[in-house]
Amino acid sequence: MISKTFCPLPWVHQATYSDGSILLCCVAENESDKNLNRGSLKEAWNSEHWKNTRKQMLADQAPTACQRCWVEEKNGYRSHRVTELAIWENRLGPEGMRMLLDHTQEDGTLTLEPRALDLRLGNTCNLQCAMCRPQDSSKWTGLAKKIHAVAEDPLLRGDMGYKTRINQADFEWQDRPEFWTDLEEKLPNLTEIIIGGGEPMLLHAHTEFLERAVRSGHCGHIQLRYHTNLTVLPKHFLDLWVRFERVEILASIDAFGEKNHYVRYPAKWDDIERHLRWLEEMPPERFRVGILSSIHLLTLFDFDQLLDWVAAQKFKLVTHGFKDMTLPGIVMHPNYLNVQNYSAELKERTAEKLRSCMERHPRARNKLPGVLNFMFERDGSERLPAAREYVMRLDSIRKTSFPAVFPELASLLLNP
């Protein structure tokens, strides 16, 4: 290994956020002043933030922007850094990895172009997920204002106040001609593009990107990776997808059936299952389909139900080629939904259920032990009042019922 803190992403990858921010990756803290509302990907690539990050990593230092990965690795969880390191070592090989270092100057400047982009082309979305915010879903703007108007817990009120401070104009940077010029100049060197949102299947800029990439003639050496809630899957995209080297669909599914409807409101389970069945018929040499699961206070306790459902489907394409049955991602924010907030009793009950689940499903053993370690690391129960009020406010506004959908969890969670 080059250093204990080395991550290949500052050498090969740039990530955009829905508000135009340019990040080291999708889980990095935003410590850069570069933004696509007023600048370009090219300007950010060898900006001070990128150069300093490369220098820190080569010096075995831990950049603060990468705090999430350091926390996860401390708990034995396979972090984004560790995952991407394995991916790029496999893609580039030893010579390719050495080439990255050979083209890194003393001040951190890199004389190579990025090979991968993560494009979050707006915040338009059709869902109002419990752990989300207006920056990631346009459906959240009104909800945040309604909760903020009645919230009493200081932690909840502060979070909703933050979520109401949004300028929709910041999410329209993809309408700038300069962005498309910058992007098209990068296409010859790109091998991977990750597309998120919002919900990418609803974003007009996503369709425009696909069409531009096909017209450029460079789509044949580019792999696409989607993060989608899988409630909408327009079939006409298939005509464009087959022009690319490969397509990976990562479906965001956090729970089974009505529980997923509650958490990813108002996702319909029948739609998700139908779209999974359609993807199951895609040619495996061109398509890869996985499931991403957000792990937080509302989902972890019953996570075994989703894993049992996945196992029962006996998918031939969906989830195959992945070490995990689903890919669990720990939700850190909002912090009142952190699984560390479970009471001691609820943590023990959760661990008991998931350990039994891992006995039934060996493919669940890759990341779940790290999730449990993280859960037990800290007592965050002082944030439970905010979580309880949040659930109450959601039910009041959405006319849902948390106790009806999560009866066992509600009995353990809602009673002080």
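Our structure is the block above this text.
Summary of the structure given here. (Residues numbered from 1 in each chain as written. Predicted model: local features only at pLDDT ≥ 70, side-chain atom pairs only at ≥ 80, totals over all residues. Heavy atoms only, no water.)

## Quick word on helix α9 (residues 204–216)
Turning to step 1, where the next piece is worked out: If you check α9, its first and last C-alpha atoms are 18 Å apart, about what 13 residues at 1.5 Å a residue would give, namely 18 Å.
Turning to step 2, where the next piece is worked out: Within the sequence span of α9, burial applies to Ala205, His206, Phe209, Leu210, Ala213 and Val214.
Turning to step 3, where the next piece is worked out: Looking at the buried residues of α9, the elements they touch are α8 (177–186), β4 (192–196), β5 (223–228) and α10 (237–241).
Turning to step 4, where the next piece is worked out: One or two residues past the end of α9 sits Gly217, with phi positive at roughly 85 degrees. (Helix = DSSP H or I, 4+ residues; strand = E, 2+ residues; numbered from the N terminus. Expected span 1.5 Å × (residues − 1). Buried < 20%, exposed > 50% of the residue type's maximum accessible area, 1.4 Å probe, protein only. Contact = heavy atoms within 4.5 Å.)

## Observations regarding the packing of aromatic side chains
Turning to step 1, where the next piece is worked out: Applying the stated criterion across every chain, the model contains 15 aromatic pairs.
Turning to step 2, where the next piece is worked out: Their ring planes at 70 degrees and their centres at 6.0 Å tell us that Trp309 and Phe315 sit as a pair that is edge-to-face. An identical accessibility class is assigned to Trp309 and Phe315; each is buried.
Turning to step 3, where the next piece is worked out: One aromatic cluster in this structure is built from Tyr226, Phe237, Trp241 and Phe287.
Turning to step 4, where the next piece is worked out: We note Arg288 situated over the ring of Phe322; from NZ or CZ to the ring centre the distance is 3.8 Å.
Turning to step 5, where the next piece is worked out: Here the guanidinium or amino end of Lys353 rests over the ring plane of Phe301, the centre of that ring lying 3.9 Å away. (Phe/Tyr/Trp six-rings, centres within 6.5 Å; stacked < 30°, edge-to-face > 60°. Lys NZ or Arg CZ within 6 Å of the ring centre and 35° of its normal.)

## Description of unusual backbone geometry
Turning to step 1, where the next piece is worked out: Here the amide bond leading from Gly197 into Gly198 is cis, since omega sits at 15 degrees, within 30 degrees of zero.
Turning to step 2, where the next piece is worked out: One can find Gly198 in the loop between β4 and α9.
Turning to step 3, where the next piece is worked out: In the segment running from Tyr265 into Pro266, the intervening peptide bond is cis, with an omega of -5 degrees.
Turning to step 4, where the next piece is worked out: Here Pro266 lies in the loop between α11 (258–263) and α12 (269–280).
Turning to step 5, where the next piece is worked out: Despite not being glycine, Leu230 has its phi angle at roughly 65 degrees, a positive value.
Turning to step 6, where the next piece is worked out: Checked against the element boundaries, Leu230 lands in the loop between β5 and α10.
Turning to step 7, where the next piece is worked out: Residue classification places Leu230 among the buried positions, given a relative accessible area of 0%.
Turning to step 8, where the next piece is worked out: You will see that Thr319, though not glycine, has its phi angle at about 75 degrees, which is positive.

## Some points on the nonpolar core
Turning to step 1, where the next piece is worked out: Counting residues in hydrophobic clusters, the biggest one holds 127 residues, and the most contacted among them are Phe209, Leu224, Trp241 and Tyr390.
Turning to step 2, where the next piece is worked out: Per-element accounting of this core gives the leading share, six residues, to helix α16 (residues 384–398).
Turning to step 3, where the next piece is worked out: Trp241 has contacts with Met201, Leu210, Leu224, Tyr226, Leu233, Val247, Ile249, Trp278, Arg286 and Phe287, leaving out every residue within four places of it along the chain. (Core = buried A, V, L, I, M, F, W, Y, C linked by side-chain atoms within 4.5 Å.)

## Overview of the pattern of salt bridges
Turning to step 1, where the next piece is worked out: Throughout the structure, instances matching the rule amount to 29 salt bridges.
Turning to step 2, where the next piece is worked out: Measuring nitrogen to oxygen at the nearest pair gives 3.8 Å for the salt bridge that ties Lys186 to Glu113. In this pair, Lys186 is assigned in helix α8 and Glu113 in the loop between α5 (80–102) and β3 (116–120), connecting sequence segments 73 residues apart.
Turning to step 3, where the next piece is worked out: On the accessibility criterion, Glu113 (42% relative accessible area) is partly exposed.
Turning to step 4, where the next piece is worked out: The structure contains a network of salt bridges with shared partners spanning Glu84, Arg91, Glu192, Arg225, Glu248 and Arg288. (Salt bridge = Lys/Arg side-chain N within 4 Å of Asp/Glu carboxyl O.)

## Comments concerning the sheet that holds β5
Turning to step 1, where the next piece is worked out: Strand order in the open sheet formed by eight strands is β2-β1-β3-β4-β5-β6-β7-β8, and the pairing between neighbours is mixed. In this open sheet, the two edge strands, each paired with only one partner strand, are β2 (22–23) and β8 (327–330).
Turning to step 2, where the next piece is worked out: Looking at chain direction, β4 and β5 are connected through four bridges and run parallel. Bridge pairing links Glu192 to Gln223 in β5. (Pairing = 2+ DSSP bridges.)

## Digging into the side chain of Glu248
Turning to step 1, where the next piece is worked out: For Glu248, the position within the fold is in strand β6 (residues 246–252).
Turning to step 2, where the next piece is worked out: Residue contacts for Glu248: discarding those within four places in its chain leaves Leu224, Arg225, Tyr226, Arg288 and Phe322.

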